[in-house]
Amino acid sequence: AVVSTQSTGIKCLMCLARIVAILLAITISGYVVLGVLAVHWLSCLIYVAFARTHFYGGLVWNEWFFKLVTSITLILVFINIVEGKSRVRWGIYHGYTGLQNLGMVLFWYFKMPNHPWYTNALIGLVVGSTLLGSLLSLLYYWFYHPSKTPVMHLSRIRPTLERLKEKHLGQSGTRSERTEMHVTTI
């Protein structure tokens, strides 16, 4: 799989929101966060268990080890483990984790005995990173994903630029020859 720097940066932004939300909620009650993350991990493990992945041939214990590690990874960041379009899986995952992030931040906010000066900044960081990461992900997958060929994709711009260059320079190839030819016809 090809990993681009755009999608990596977006995943880091989403992961930042997730980690900050978890850390804020842990400051109030580690047991509540442990419960939330356990439910999240269990749901991810069920998803991965029923996904038809075959990474290790016929070795069953290797396949299950892969599924365990993948479900732990899915606590922080979405990775596509199944071939095909992943829009629905991506939407469900980010909707689920976004609600968890919001819930953990609100839990922290309402259980915090006094609100320090950085309260609004941290809430803005989590909510803003989640929303900005989701928006940038949508834009990336709609316009710049390698499987797409949008209007502004470089593979479609280069042939157009070459045609314009040939038209401007003429069939002879150099600008000076085209300019001389243009001057003599005036």
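Preceding this section is the structure that the text describes.
Along each chain, residue indices are assigned from 1 in the same order as the chain's sequence is written. Given that this is a predicted model, residues contribute local features only at a pLDDT of at least 70 and side-chain atom pairs are listed and counted only at 80 or more, while totals for whole chains, interfaces and linings are drawn from all residues. Water and hydrogen atoms were dropped before computing side-chain values, which therefore reflect all heavy atoms in the structure.

S.K.: Residues and numbers for the packing of helix H4 (residues 87-111) against helix H5 (residues 119-144), please.
M.R.: What counts as an axis is a line fitted to C-alpha atoms, over the stretch in contact for a helix, and the angles between N-to-C directions run from 0 to 180 degrees. Helix numbering and strand numbering both begin at the N terminus, where a helix is a DSSP run of H or I of at least 4 residues and a strand a DSSP run of E of at least 2. At a minimum axis separation of 10 Å, H4 and H5 run at an interaxial angle of 175°. By the criterion of interaxial angle, the relationship of H4 to H5 is roughly antiparallel. Residues Trp90, Gly98, Asn101, Leu102, Val105, Trp108 and Tyr109 of H4 touch H5, and the partners they reach there are Thr119, Leu122, Ile123, Val126, Val127, Thr130, Ser134, Ser137, Leu138 and Tyr141. Of the residues in the contact of H4 with H5, the class split is 11 nonpolar, 6 polar and no charged. With respect to orientation, any angle under 35 degrees is reported as roughly parallel, any angle over 145 as roughly antiparallel, any angle of 65 to 115 as roughly perpendicular, and every other angle as oblique. Every residue pair with non-hydrogen atoms within 4.5 Å of one another is taken to be in contact. Any residue that is not Ala, Val, Leu, Ile, Met, Phe, Trp, Tyr, Cys, Pro, Asp, Glu, Lys or Arg is counted as polar, Gly included; the first ten are nonpolar and the last four charged.

S.K.: For the packing of helix H2 (residues 30-50) against H4, give the residues involved together with the corresponding values.
M.R.: Where H2 meets H4, the axes come as close as 11 Å, and the angle between the chain directions of the two elements is 175°. The orientation of H2 with respect to H4, classified from their angle, is roughly antiparallel. Contacts between H2 and H4 pair Val32, Val33, Val36, Val39, His40, Ser43 and Tyr47 from the former with Arg89, Tyr93, Tyr96, Thr97, Gln100, Met104 and Phe107 from the latter.

S.K.: So, the packing of aromatic side chains: which residues are in play, and what are the values?
M.R.: When the centres of two rings from Phe, Tyr and Trp lie within 6.5 Å, Trp using its six-membered ring, the rings pair. Their planes under 30 degrees apart give stacked, over 60 give edge-to-face, and anything left gives tilted. Using the criterion set out here, one finds 3 aromatic pairs in the structure. Each ring, one from Phe78 and one from Tyr93, has its centre 5.5 Å from the other, and the planes form 40°; the classification is tilted. Taken together, the residues Phe78 in the loop between helix H3 (60-73) and H4 and Tyr93 in helix H4 connect sequence positions 15 residues apart. A relative accessible area of 8% places Tyr93 in the buried class. In this scheme, the term charge over a ring applies when either NZ of a lysine or CZ of an arginine sits within 6 Å of the ring centre and within 35 degrees of the ring normal. Positioned above the aromatic ring of Trp64 is the side chain of Lys67, whose terminal nitrogen or guanidinium carbon lies 5.2 Å from the ring centre. Buried means the residue's accessible area, taken with a 1.4 Å probe over protein chains only, is under 20% of the maximum for its type, while exposed means over 50%, and partly exposed covers the values in between.

S.K.: So what's going on with H5? Which residues, and what values?
M.R.: Along its 26 residues, H5 runs 36 Å from first to last C-alpha, staying within 8% of the 38 Å computed at 1.5 Å per residue. All of the buried residues along H5 are Thr119, Val126, Ser129, Thr130, Gly133, Ser134, Ser137 and Tyr140. In this scheme, a helix's expected span is set at 1.5 Å multiplied by one less than its residue total.

S.K.: I'd like a rundown of the nonpolar core, residues and numbers included.
M.R.: Nonpolar side chains in soluble globular proteins generally cluster together in the buried interior. Remark: nonpolar core denotes a set of buried residues (Ala, Val, Leu, Ile, Met, Phe, Trp, Tyr, Cys) joined through side-chain atoms within 4.5 Å. Ranked by size, the top nonpolar core spans 13 residues in total, and within it Leu24, Val33, Met104 and Val126 carry the most contacts. Looking at this core, the elements that each hand over two or more residues are helix H1 (5-28), H2 and H4. Setting aside residues up to four positions removed in sequence, Met104 forms contacts with Arg18, Ala21, Ile22, Ala25 and Val33.

S.K.: Run through H2, naming residues and quoting values.
M.R.: For H2, built from 21 residues, the straight-helix expectation of 30 Å at 1.5 Å per residue is met to within 8% by its first-to-last C-alpha distance of 30 Å. For H2, the set of buried residues is Val33, Leu37, His40, Cys44, Leu45 and Val48. Projected down its long axis, H2 carries its buried residues within an arc of 140°, all on one side. Residues of H2 that are exposed and angled more than 90 degrees away from the buried face: Tyr31, Val39 and Phe50. In this context, the arc is that of the directions from the helix axis out to the C-beta atoms.

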